[in-house]
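Residues per chain are reported as follows:
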Amino acid sequence: MVINRAAARLIWGNDDPLTTPVVGSAGSTRVIGVVEDARYEDVEQPAAPAIFVAAAQTGLRHGFVLARTAGNPEALLGSVKQAVQRAGRGDALGTVRTVSSQLADVTARNRLLALIVSLFAVAAMFLAALGVYGSLSLVVAQRSRELAIRRTLGAQRRSLAIMVLSQAATLTMLGGAFGLSLAWIAARSLSALLYDARPLDPVVYGSAVLLLAAAVTVAAMVPSIRSMRIDPREAMRSD
């Protein structure tokens, strides 16, 4: 018989199943191979221990036939049916489906929930970016008089832009560190609810940080550039 790795760990532990025969009421049986684990009934649960024996050794009157193809599996459906009929089991051939269609049906609910959560996450990210942009742009716009005074005292536009951007970057790094810490704690607590997914995905976290950093950069530069184009005397007079 052939077993999977889950069965080898459960039954044999640290022993080698290929050199340890199985003794039962019907005699001894030897394991001739160990295959990788696979999920046959529930894709959301770990692979269960499995033992594979030849059809002639069992009294089962039904089973599954799996065929691996290099091209379109539906194009080889006729050839598979002929091969089964030549084996003398044509009357047992029932529903024929591709593995991809079977997986699509099994994971349809989870994929729908993942899509809904992803849409809400994207919407939340854009709302957060808009909130950061609005708050920071208002703060920079309220500093028009300060920027005008600095220009009157001889400060260059480039140095003022670098100053505003560096201050915004400092706030971004502080807020980003705080937000990533909270996200890491939440991801660790929700890791048990995820299926074959990394709770700490650097691509997702990096994309969120880049989006917020872009919003902060635009929010800091646009009002400062607009205020620098105003004559310093008009800016001071307006306040």
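This one's a predicted model, so the numbers in the text were calculated from it and none came from an experiment. Position labels on residues start from 1 in each chain and follow its written sequence. At least 70 in pLDDT is required for a residue's local features to be given in this predicted model, at least 80 for side-chain atom pairs to be given and counted, and no such filter applies to totals for whole chains, interfaces and linings, which use all residues. For the side-chain quantities, the full set of heavy atoms in the structure was used; hydrogens and water were omitted.

The pairing criterion is simple: DSSP has to find at least two bridges between the two strands. We count a stretch as a helix when DSSP gives it H or I for four or more residues in a row; a strand needs E for two or more, and each element gets its number in order from the N terminus. Pairing within the open sheet is mixed, and its three strands lie in the order 4-1-5. The strands lining the two open edges of the sheet, one partner per strand, are strand 4 (33-35) and strand 5 (51-52). When strand 1 (residues 2-4) meets strand 5, the two strands line up antiparallel, connected through two bridges. Within strand 5, the residue paired with I3 across the bridge is I51. The strands touched by helix 1 (residues 5-12) are strand 1 and strand 4; relative to strand 1, the strand with the most contacts, the crossing angle is about 90°. What makes two residues a contact is simply this: any of their non-hydrogen atoms within 4.5 Å. Only the contacting stretch of a helix is used when fitting its axis, a line to C-alpha atoms as for every element, and angles between N-to-C directions run 0 to 180 degrees.

Here the focus is the packing of helix 5 (residues 144-152) against helix 6 (residues 157-189). Where helix 5 contacts helix 6, the axes come no closer than 10 Å and their chain directions differ by 145°. The crossing of helix 5 and helix 6 is right-handed. Residues E146, L147, R150 and R151 of helix 5 form the contact with helix 6, whose participating residues are R157, L160, M163 and V164. Crossing chirality is assigned from the near helix's rotation relative to the far helix, an anticlockwise turn below a right angle marking it left-handed and a clockwise turn marking it right-handed.

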